[in-house]
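Survey of secondary and tertiary structure
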Amino acid sequence: MKILRSALLWLILFSLGMAAFSQGILNPYQQLILSYIAINVILATSLNLVNGFCGQFSLGHAGFMAVGAYVSAVLSLHFKVFTGSLDFLNFPFYALAGGSVAAVAGWLVGMPSLKLRGDYLAIVTLGFGEIIRVILLNMESVGGARGLYGVPGPTNFFVGTALAFFLAGGTWLVLWRLTQSSFGRAFLSVKEDEVASECMGVNTTQTKVFAFVVSSFFAGVGGSLFAHTTNYLNPASFQFMKSVDVVIMVVLGGMGSLTGSVLAAIFVTILPEALRPLQEYTGVDLRMVIYSLSLILLMILRPQGLLGSREWNSFFPFKKRGAK
Amino acid sequence: MSASSLLSLKQTSIQFGGLKVLTDLNMEVQSGELVGLIGPNGAGKTTVFNIISGIYAPTSGELTFRGSSLLGKKPFEVSREGIVRTFQNIRLFSTLSVVQNIGIAMHKAGPYSFWSAILRSKKYHSFEDQFLFRAKELLEIFGLSHLAEEEAGSLPYGIQRRIEIIRALAASPKLLLLDEPAAGLNHSETEELMGLIQKIREQFQLSVLLIEHDMKLVMGICEKIFVLDHGEIIASGRPEEIQENKKVIEAYLGSESANV
Ligand SMILES: Nc1ncnc2c1ncn2[C@@H]1O[C@H](COP(=O)(O)OP(=O)(O)O)[C@@H](O)[C@H]1O
Ligand SMILES: [Mg+2]
């Protein structure tokens, strides 16, 4: 049946399944963690597109996340497209808007800096992240340093988790299909050897900017989900260390492995929470110590990250498409 | 310029800082020709390729392909015009599979749109099938079908050289630039490769410009040879003419690389 092959259908079923699961079994705190996982999956997989697949080094994911978060938060505070029982449709719309503005920002940042090879992108994105944060800090209309209160969340948690997983699943789906296409091969060629790539007819600048814009879009979507999950935004949430956190997830999971990024996002989100009882028991906060130690250990044992550049399907003996 | 002139360099020069690497080069490749570019190490042969493929801009002079100038064109544009090269120090995408390497050469401006990729449209499927079919076809010609899924960088040197040529062919060149394709190969591999080059040239109706510093080798298959020494063309003509040219013999004896 054709409908069973529709990815959108599976995506909706998956989101509803996750929501039902979380509603039925998990307490509100655990449900919140689940939403954070969804946010981190979006951030890590999208950054992997640039840092892992294209071999560029962006350090500004928190900046694009902030753009998406604030744009969607302001929209949702002042502007409703759907009302009544369709109210929940507003959130995907805000996410789309937040992502789009972040994508434009990504284009403006990426266009000049990706023309050049080397570490310019790292420096420019680092600067961009800080500039965005300082602008937000001084923008009284969005609360400045006090932050932006009262961002509406989804009215019931069923819709909340379902939306979180709809967005995370949708991000995964788009990035997966993109990386499994001719564009994905082009991304990898840029990482492997930019000169050879150009000589084979790939417009490497355009390819990098394209990946960067897509990546920024999803960072914005992640930010939007963040805004509506926490219901409160503060520029301090988008500091440089937030970008570093996402880089850590990408490196940990494996550069160029979306599957790895998902696993790492889950791991990095859950670990500090799982260690919370330990802190209550000992009375000292050892969480960061253990967290850091486990990261160091992992990098020593598996410097290529959890999965290297392998994806989930390489662990199953599927027949390759086209192989007879 | 004759009607069949494919590539021409006129008074083309390049210098890096104060260093003149190529001086007033005049070269011409006709449609369908197999042309050799020889010369001792450091003569500037690879630099000629770097200029033709748009990696370096010449300091002065002309560079035209099929009647229009290539000056100012980026490497990917030159490649899409139909000039595709290999590299002296193999530059395969080494952690990717052989098939992926071939696929990248077929990407060009994107064979389908972003939305086609995301929605897995008909266009997406038809190109992906077509690409695998073409990869298989090319690999078969070179007798390498069994290596399609292997990691390119893990393969033996001689095979990597051939895969680099396959990758270049996948980009549908009109003019193929081969930079020392026989370097590092043993005698029988070299013989085989030269046979292959002649074969693909017939089959794909290519023109080939081939760099080699082993003079004997090019003599056998090229119709025309340019000899480069210290950045200048010191001789050009048919192999027999080159063989007897005094300057050429001197250049080669002087560099101790004659008949390597
Ligand atoms: N980018 C560059 N900057 C400075 N010198 C260069 C550059 N590229 C090539 N050269 C010089 O040009 C000369 C010719 O190099 P090359 O074209 O690689 O020679 P060949 O391929 O004939 O062995 C060498 O002396 C090399 O050092
Ligand atoms: Mg050379």
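Since the model is a prediction, treat every value here as computed from it, not as a measurement. (Residues numbered from 1 in each chain as written. Chains lettered and ligands numbered in written order. Predicted model: local features only at pLDDT ≥ 70, side-chain atom pairs only at ≥ 80, totals over all residues. Heavy atoms only, no water.)

What follows deals with the overall build of chain B. Of regular secondary structure, chain B possesses ten helices and ten strands. Along the first, second and third principal axes, the C-alpha atoms of chain B reach 65 × 40 × 35 Å. Here chain B, with 260 residues, has 55% of them falling under the buried criterion. For chain B, the accessible area works out to roughly 11300 Å², and carbon and sulfur atoms hold 49% of it. A distance of 7 Å separates the average location of the 26 positive side-chain charges in chain B from that of its 30 negative side-chain charges. (Helix = DSSP H or I, 4+ residues; strand = E, 2+ residues; numbered from the N terminus. Buried < 20%, exposed > 50% of the residue type's maximum accessible area, 1.4 Å probe, protein only. Areas by Shrake-Rupley, 256 points an atom, 1.4 Å probe, with all protein chains shown as cover. Lys, Arg positive; Asp, Glu negative; His and termini not counted. Charge placed at Lys NZ, Arg CZ, Asp CG, Glu CD.)

It is worth spelling out the interface of chain B and chain A at this point. With 39 residues of chain B at the contact, the number on the chain A side is 28 residues. With both sides pooled, the region where chain B packs onto chain A buries about 3000 Å², and carbon together with sulfur makes up 62% of that total. Residues Asp193(A) and Arg91(B) are paired through a salt bridge, measuring 2.7 Å at the closest nitrogen-oxygen approach. Among the secondary structure elements, those contributing two or more residues to the side of chain B that touches chain A are α2 (75-81), β6 (83-85), α3 (98-105), α4 (114-119), α5 (122-141) and α6 (157-170) of chain B. The element best represented in the side of chain B that touches chain A is α5(B), accounting for seven residues. (Contact = heavy atoms within 4.5 Å. Buried area = accessible area lost by both parts, 1.4 Å probe. Salt bridge = Lys/Arg side-chain N within 4 Å of Asp/Glu carboxyl O.)

Right, let's talk about the site of ligand 1 for a bit. Residue and element names in this part refer to chain B. Taken together, Phe16, Val21, Pro40, Asn41, Gly42, Ala43, Gly44, Lys45, Thr46, Thr47 and Tyr56 make up all the residues around ligand 1. Measuring from an oxygen atom of ligand 1, one finds a backbone N or O atom of Gly42 at 2.8 Å. Here an oxygen atom of ligand 1 sits 2.7 Å away from a polar atom, N or O, in the side chain of Thr46. A total of 560 Å² of accessible area belongs to ligand 1 in isolation, and the protein chains cover 63% of it. Ranked by the residues each element gives to the shell around ligand 1, the list is headed by helix α1 (residues 45-52), at three residues. In terms of residue class, the shell around ligand 1 is made up of five nonpolar, five polar and one charged. (Near = heavy atom within 4 Å. Polar contact = N/O pair within 3.5 Å; in protein donor to acceptor, adjacent residues only side chain to side chain. Nonpolar A, V, L, I, M, F, W, Y, C, P; charged D, E, K, R; others polar.)

Turning our attention to a nonpolar patch on the surface. Together, Leu278(A), Val284(A), Leu286(A), Val289(A), Leu293(A), Ile296(A), Leu297(A), Ile300(A) and Leu301(A) give the surface a local cluster of nonpolar side chains, amounting to about 850 Å² of exposed area. Along the chain, Leu278(A) falls in helix α12 (residues 276-282). (Patch = residues over 30% accessible without salt bridge, like charges linked within 9 Å, V, L, I, M, F, W, Y side chains within 5 Å.)

Let's shift gears to empty space enclosed by the protein. Residues and elements named next belong to chain A. Inspection of every chain in the model, using the stated rule, returns one cavity of 30 Å³ or more. Lining the largest cavity are Leu59, Gly60, Ala62, Gly63, Leu126, Gly129, Glu130, Phe238, Gln239, Phe240 and Ser243. Those elements that place two or more of their residues in the lining of the largest cavity are α3 (61-78), α5 (120-137) and α10 (240-253). With three residues, the single largest contributor to the lining of the largest cavity is α5. Split by residue class, the lining of the largest cavity holds five nonpolar, five polar and one charged. (1 Å grid on protein atoms, 1.4 Å probe; cavity = no way out; pocket = protein on both sides within 12 Å on 5 of 7 lines; lining within 4 Å. Points joined across faces, edges and corners; volume = space filled by probe spheres on them.)

Before going further, it helps to examine the packing of aromatic side chains. Overall, the coordinates contain 21 aromatic pairs over all chains when judged by the stated rule. Where Phe16(B) meets Tyr56(B), the ring centres are 5.0 Å apart and the plane angle is 70°; that geometry is what we call edge-to-face. Here Tyr56(B) lies in the loop between α1 and β4 (60-65) and Phe16(B) lies in strand β1 (residues 5-16), a separation of 40 residues in the sequence. Overall, the relative accessible area of 32% leaves Tyr56(B) in the partly exposed class. Every member of this aromatic cluster is reached through a ring pair, and the members are Phe183(A), Phe187(A), Phe210(A), Tyr112(B), Phe114(B), Trp115(B), Tyr124(B), Phe127(B) and Phe131(B). Sitting over the ring of Phe87(B), Arg91(B) keeps its end group 5.3 Å from the ring centre. (Phe/Tyr/Trp six-rings, centres within 6.5 Å; stacked < 30°, edge-to-face > 60°. Lys NZ or Arg CZ within 6 Å of the ring centre and 35° of its normal.)

This paragraph deals with the environment of Asp119(A). Within the secondary structure, Asp119(A) is located in the loop between α4 (90-113) and α5. C-alpha of Asp119(A) to C-alpha of Thr282(A): the two residues are 163 residues apart in sequence and 43 Å apart in space.

Turning to the sheet that holds β1(B), a few remarks are in order. Residue and element names in this part refer to chain B. Spatial ordering of the open sheet is given by β2-β1-β4-β5, a layout of four strands whose pairing is antiparallel. Two strands lie at the open edges of the sheet, namely β2 (19-30) and β5 (68-69), each paired on one side alone. Both β1 and β4 contribute to a ladder of five bridges, which runs antiparallel. For Ser13, the partnering residue across the bridge sits in β4 and is Ser60. Contacting β1, β2 and β4, α1 runs over the sheet at an angle of about 115° to β1. (Pairing = 2+ DSSP bridges. Axes fitted to C-alpha atoms, helices over the stretch in contact; angles between N-to-C directions.)

Let's shift gears to the domain arrangement of chain B. Interfaces are often described in size by the accessible area the parts lose on coming together. All names here are of chain B. According to the domain assignment, chain B consists of domain 1 (1-82 + 173-189 + 205-260) and domain 2 (90-171). Using only C-alpha atoms to locate each centre, domain 1 and domain 2 end up separated by 28 Å. Domain 1 puts 13 residues into the contact, and the matching count from domain 2 is nine residues. Both faces combined, the contact of domain 1 with domain 2 buries some 810 Å², and carbon together with sulfur accounts for 65% of it. Ranking the residues of domain 1 by area buried against domain 2 places Arg80, Pro173 and Leu176 at the top, with a combined share of 46%. If you look at where domain 1 meets domain 2, you find zero salt bridges. Remark: the boundary between domain 1 and domain 2 carries two residue pairs in polar contact (both at pLDDT 80 or more). (Domains from an automatic or database assignment.)

Turning to the coordination of the magnesium ion (ligand 2), a few remarks are in order. Residues and elements named next belong to chain B. Around the magnesium ion (ligand 2), the donor atoms from the protein are Thr46 (OG1) and Gln88 (OE1), and they sit 2.0 Å away. Here the residue Thr46 occupies a position in helix α1, and Gln88 occupies one in the loop between β6 and α3, the gap between them amounting to 42 residues. When its relative accessible area of 29% is taken as the criterion, Gln88 is described as partly exposed. (Donors = N, O, S within 2.8 Å, 3.2 Å for Na, K, Ca; no water.)

Our next topic: the layout of surface pockets. A probe as big as a water molecule, rolled over the atoms, marks out the empty space that is left. Residues and elements named next belong to chain A. For the second largest pocket, the calculated volume is near 680 Å³. Going through the elements one at a time, α2 (28-53), α10, α11 (258-274) and α13 (287-301) are the ones with two or more residues in the lining of the second largest pocket. Considering every element that reaches the lining of the second largest pocket, the biggest residue donor is α10, with six residues. By residue class, the composition of the lining of the second largest pocket is 15 nonpolar, five polar and five charged.

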